[in-house]
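So the chains spell out like this:
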Amino acid sequence: LSDRPVLLTGAAGTIGRLLAHRLAALGWPLRLTDLAPLPFPLPPGATFETIDLQDQEAVHRLAEGCGLILHFGGVSTEQSFEAVLGANLRGSYHIYEAARRQKARVVFPSSVHAVGLYERSAILDQDCPLRPDGYYGLSKAYGEMLARLYWDKHAVESVLIRIGSVLPEVSDERILSTWISHDDFVRLIQRCAAAERVDCSVIWGASNNSRSFWRHDARAKIGWMPRDSSDDQAERVAGKVTADPVVERYQGGKFVVVDYSRTD
Ligand code: 15L
């Protein structure tokens, strides 16, 4: 994979900008894109072009020659089905078609919201049934199945990272379970590129948190072990919870309550 350009979609987003800076500093040849203009100066060795992921031609053109696609573009919050449909469902399909043409590996960021309707007491393994907590989580479940289809049918390799919360530090009690440090996250992306083969692997994207909701994934296969942990931040956020019992009941937290109508 090493000398071919790396396409990073969603480069202006929260995770995109972290990766753009950190991977450029590691000397990666980055091809950045986003729907929005870049809110920071172009990192060394990177190029940038504004495209809409719904424009299949543009996605194919931009992916030309790339060996790895980090697909962080699209909607990242709970929104209407129509909003999610274009960016996340169509957009991810265009990415996978481009990966197939370029014989590129894909890193697909799935999310805690693909399993957000499990209660917080549940401990999940990688092959648990997905329980999305809204249209955004559903688009992540779709992305995982899209990746599976392109692996089984076309041998397109993917790492599906079920990301918890990529934040500089823990901000409430729930995030003690879902937190992944910037350093652990960047090291994970490095392993996604460096691993000899990844097939179609699922990784729980969290640091080594003793309050984790998750266990068992493909980390040994890709050679990643988180080094950080939320544990030493527990005291600082103790008691930081919302007043909403639905938010506090489920792994997905506040995304769950958008249009929630169960009464039991
Ligand atoms: C996500 O999938 C979101 O994109 C992010 O903004 C956070 O809300 C995160 O999940 C989370 O639930 O902590």
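Predicted model only: the values in this text are computed from it and were never measured.

About the criteria used
- Residues numbered from 1 in each chain as written.
- Predicted model: local features only at pLDDT ≥ 70, side-chain atom pairs only at ≥ 80, totals over all residues.
- Heavy atoms only, no water.
- Near = heavy atom within 4 Å.
- Polar contact = N/O pair within 3.5 Å; in protein donor to acceptor, adjacent residues only side chain to side chain.
- Areas by Shrake-Rupley, 256 points an atom, 1.4 Å probe, with all protein chains shown as cover.
- Nonpolar A, V, L, I, M, F, W, Y, C, P; charged D, E, K, R; others polar.
- Helix = DSSP H or I, 4+ residues; strand = E, 2+ residues; numbered from the N terminus.
- Buried < 20%, exposed > 50% of the residue type's maximum accessible area, 1.4 Å probe, protein only.
- Contact = heavy atoms within 4.5 Å.
- Pairing = 2+ DSSP bridges.
- Axes fitted to C-alpha atoms, helices over the stretch in contact; angles between N-to-C directions.
- Salt bridge = Lys/Arg side-chain N within 4 Å of Asp/Glu carboxyl O.
- Core = buried A, V, L, I, M, F, W, Y, C linked by side-chain atoms within 4.5 Å.

Chemist: Talk me through the site of the ligand; I want residue IDs and the actual numbers.
Modeler: Contacts to the ligand come from Ser 76, Ser 111, Val 112, His 113, Tyr 136, Gly 164, Ser 165, Arg 174 and Phe 255. Taking Ser 76, its main chain carries an N or O atom lying 2.7 Å from an oxygen atom of the ligand. Here an oxygen atom of the ligand sits 2.6 Å away from a polar atom, N or O, in the side chain of Ser 165. Protein chains shield 72% of the accessible area of the ligand, which is 320 Å² for the free molecule. Residue composition of the shell around the ligand, by class: three nonpolar, five polar and one charged.

Chemist: Tell me about the side chain of Gln 233, and name the residues and values.
Modeler: Checked against the element boundaries, Gln 233 lands in the loop between α7 (219-222) and α8 (234-237). Among the residues examined, Gln 233 registers a relative accessible area of 10% and is labelled buried. Of the polar contacts made by the side chain of Gln 233, one reaches the side chain of Arg 236; its length is 2.6 Å. If sequence neighbours within four positions are ignored, Gln 233 has contacts with Glu 169, Val 170, Leu 176 and Trp 179.

Chemist: Account for the sheet that holds strand β3 (residues 47-50), with residues named and values stated.
Modeler: Taken together, the seven strands give an open sheet; going across it, the order is β3-β2-β1-β4-β5-β6-β9, and neighbouring strands pair in parallel fashion. Each end of this open sheet is capped by a strand with a single partner; those strands are β3 and β9 (200-205). With strand direction ignored, the average angle separating the axes of adjacent strands in the sheet is 20°. Here strand β1 (residues 6-9) runs beside strand β2 (residues 30-34); their pairing, made up of four bridges, is parallel. Pairing of Thr 9 across the sheet is with Thr 33, part of β2.

Chemist: If you had to explain the environment of Gln 102 to someone new, which residues and values would you point to?
Modeler: As for its placement among the helices and strands, Gln 102 is situated in helix α3 (residues 81-102). Exposure remark for Gln 102: the relative accessible area of 14% places this residue in the buried category. Every residue in contact with Gln 102, bar those within four places of it in the chain, is listed here: Arg 4, His 60, Ala 63, Glu 64, Gly 65 and Cys 66.

Chemist: Lay out the pattern of salt bridges in plain terms, naming residues and giving numbers.
Modeler: Counting across every chain of the model gives 16 salt bridges. For Arg 22, the salt bridge is made with Asp 183, and the minimal N-O distance between the two is 2.7 Å. Within this pair, whereas Arg 22 is found in helix α1 (residues 14-25), its partner Asp 183 is found in helix α6 (residues 182-194), the two being separated by 161 residues in sequence. On the basis of relative accessibility, which here comes to 36%, the residue Asp 183 falls in the partly exposed class. Measuring nitrogen to oxygen at the nearest pair gives 3.8 Å for the salt bridge that ties Asp 231 to Arg 211. Here Asp 231 is found in the loop between α7 and α8, whereas its partner Arg 211 is found in the loop between β9 and α7, with 20 residues between them in sequence. You can call Arg 211 partly exposed: its relative accessible area is 38%. A network of salt bridges, in which partner residues are shared, links Asp 184, Arg 187 and Asp 228.

Chemist: Explain the nonpolar core to me, and be specific about the residues and the numbers.
Modeler: Counting 37 residues, the largest nonpolar core has Leu 19, Trp 28, Leu 70, Phe 72, Phe 185 and Ile 189 as its most contacted members. Elements with a contribution of two residues or more to this core: β1, α1, β2, β4 (68-71), β6 (158-163) and α6. Those residues in contact with Trp 28 that sit more than four places away from it in its chain are Val 6, Leu 23, Gly 45, Leu 68, Leu 70, Ile 189, Gln 190 and Ala 193. In terms of nonpolar packing, the next biggest core, distinct from the first, is built from 23 residues, Cys 66, Ile 69, Tyr 96 and Phe 108 among them.

Any functional reading would require information beyond the geometric quantities listed.
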